[in-house]
Amino acid sequence: GLILHATDRSAEAMRSFDEEIASDSHGHVYGPEFAANAMLAGGFASLFGADRDTALQMFDRALAITPLHARAMLGIACVKKTDREFAAVDGAIAELNRNGRHNEAALVDAGHLLARKRDDEAATHLHRLLDAAPTGPAAWILPIDPMLAAIRNSSHGANLLAKLAARAA
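Keep in mind the model is a prediction, meaning the values are calculated, not measured.

A word on the overall build of the protein
Thought 1: Counting secondary structure elements, the protein contains ten helices and zero strands.
Thought 2: Secondary structure elements of the protein occur, N-terminal to C-terminal, as α-α-α-α-α-α-α-α-α-α.
Thought 3: Computed over C-alpha atoms, the radius of gyration of the protein comes to 15 Å, within 12% of the 15 Å expected from 2.2 N^0.38 for 169 residues, which places it in the range of a compact globule.
Thought 4: Its C-alpha atoms put the protein at 40 × 35 × 30 Å along the principal axes.

Spelled out as structure tokens, the structure:
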């Protein structure tokens, strides 16, 4: 679904997300986590496509499965655009950092900054992440994550993607 969305095949992406969400009912150990991730991707893809109602439904469903999920909270803040919702995202990012999930915290923080139209700061955060993280999967999702689509389409996108590609070599 993420790859389909990143290649401008939104309708196919949403069908893919729906299939993954439906697979949660098959009793797989990681089914709920995969379903929540598909809901988040579908929510941000819907938000990117200006379908705020579907986006909010997806984020709410993800939060029902994974309470206090930082990405879901950010999605809701992006839809509702209230200071209260954005403050809750700050708290979720702090919690990720307290729990040693620094890479995820940096990605959500970048998404938070993008939502606030602070693209330069978001790019700085992502550059720091790529510079500081050990070799491995840090920020691998950058080219396909709908939450971070705005940075890919900004003046910073090419430099960030080049840095990410250099890490993979």
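Considerations on the nonpolar core
Soluble globular proteins: nonpolar side chains tend toward being buried together.
Thought 1: Counting residues in hydrophobic clusters, the biggest one holds 53 residues, and the most contacted among them are Leu-74, Leu-107, Leu-126, Leu-129, Leu-148 and Ile-151.
Thought 2: If you list the elements that add at least two residues to this core, you get α2 (10-22), α3 (31-48), α4 (52-65), α5 (70-80), α6 (83-98), α7 (102-115), α8 (119-132) and α10 (157-168).
Thought 3: Leave out the neighbours within four places in its chain, and Leu-129 touches Asn-103, Ala-106, Leu-107, Ala-138 and Ala-139.

Some thoughts on the packing of aromatic side chains
Thought 1: Tallied over the entire structure, the rule returns one aromatic pair.
Thought 2: One Lys or Arg, Arg-116, reaches over the ring of Phe-86 and ends 3.9 Å from the middle of that ring.

As for α8
Side chains that are three or four residues apart share a direction in an α-helix, a result of its 3.6 residues per turn.
Thought 1: For α8, built from 14 residues, the straight-helix expectation of 20 Å at 1.5 Å per residue is met to within 8% by its first-to-last C-alpha distance of 20 Å.
Thought 2: Every buried residue of α8 is accounted for by Ala-122, Ala-123, Leu-126, Leu-129 and Leu-130. What you see down the axis of α8 is that its buried residues fit within an arc of 120°, all on one side. Along α8, exposed side chains directed more than 90 degrees from the buried face belong to Asp-120, Arg-128, Asp-131 and Ala-132.
Thought 3: Close packing links the buried residues of α8 with α7, α9 (149-152) and α10.

A look at the packing of α7 against α8
Thought 1: α8 packs onto α7 with a crossing angle of 165° between their chain directions and a minimal axis gap of 8 Å. Put simply, α7 runs roughly antiparallel to α8. In terms of crossing hand, the pair formed by α7 and α8 is left-handed. Together, Asn-103, Ala-106, Leu-107, Asp-109, Ala-110, Leu-113 and Leu-114 of α7 and Asp-119, Glu-121, Ala-122, His-125, Leu-126 and Leu-129 of α8 make up the contact between the two elements.
Thought 2: Per-class residue counts for the contact of α7 with α8 are eight nonpolar, two polar and three charged.

Concerning the side chain of Ser-46
Thought 1: Assignment of secondary structure puts Ser-46 in helix α3.
Thought 2: Not counting residues up to four positions away in its chain, the partners in contact with Ser-46 are Met-14, Asp-51, Thr-54 and Ala-55.

Examining the environment of Gly-43
Thought 1: When you line up the elements, Gly-43 lands in helix α3.
Thought 2: The buried category is assigned to Gly-43, whose relative accessible area is 0%.
Thought 3: Those residues in contact with Gly-43 that sit more than four places away from it in its chain are Ala-55, Met-58 and Phe-59.

Quick word on α6
Thought 1: Here α6 is 16 residues long and its end C-alpha atoms lie 23 Å apart, about the 22 Å a rise of 1.5 Å per residue gives.
Thought 2: Every buried residue of α6 is accounted for by Glu-85, Phe-86, Val-89, Ala-92, Ile-93 and Leu-96. Looking straight down α6, one finds that the buried residues subtend no more than 110° of arc, so they occupy a single side. Every exposed residue of α6 that faces more than 90 degrees away from the buried side is listed here: Asp-83, Arg-84 and Arg-98.
Thought 3: Considering only its buried residues, α6 is in contact with α5 and α7.
Thought 4: The positive-phi residue at the C-terminal boundary of α6 is Gly-100, with phi of around 75°.

Reading the values: the criteria
- Residues numbered from 1 in each chain as written.
- Predicted model: local features only at pLDDT ≥ 70, side-chain atom pairs only at ≥ 80, totals over all residues.
- Heavy atoms only, no water.
- Helix = DSSP H or I, 4+ residues; strand = E, 2+ residues; numbered from the N terminus.
- Rg over C-alpha atoms; globule rule 2.2 N^0.38 Å.
- Core = buried A, V, L, I, M, F, W, Y, C linked by side-chain atoms within 4.5 Å.
- Buried < 20%, exposed > 50% of the residue type's maximum accessible area, 1.4 Å probe, protein only.
- Contact = heavy atoms within 4.5 Å.
- Phe/Tyr/Trp six-rings, centres within 6.5 Å; stacked < 30°, edge-to-face > 60°.
- Lys NZ or Arg CZ within 6 Å of the ring centre and 35° of its normal.
- Expected span 1.5 Å × (residues − 1).
- Arc of directions from axis to C-beta.
- Axes fitted to C-alpha atoms, helices over the stretch in contact; angles between N-to-C directions.
- Parallel < 35°, antiparallel > 145°, perpendicular 65-115°, else oblique.
- Left-handed = near helix turned anticlockwise from the far one by under 90°.
- Nonpolar A, V, L, I, M, F, W, Y, C, P; charged D, E, K, R; others polar.

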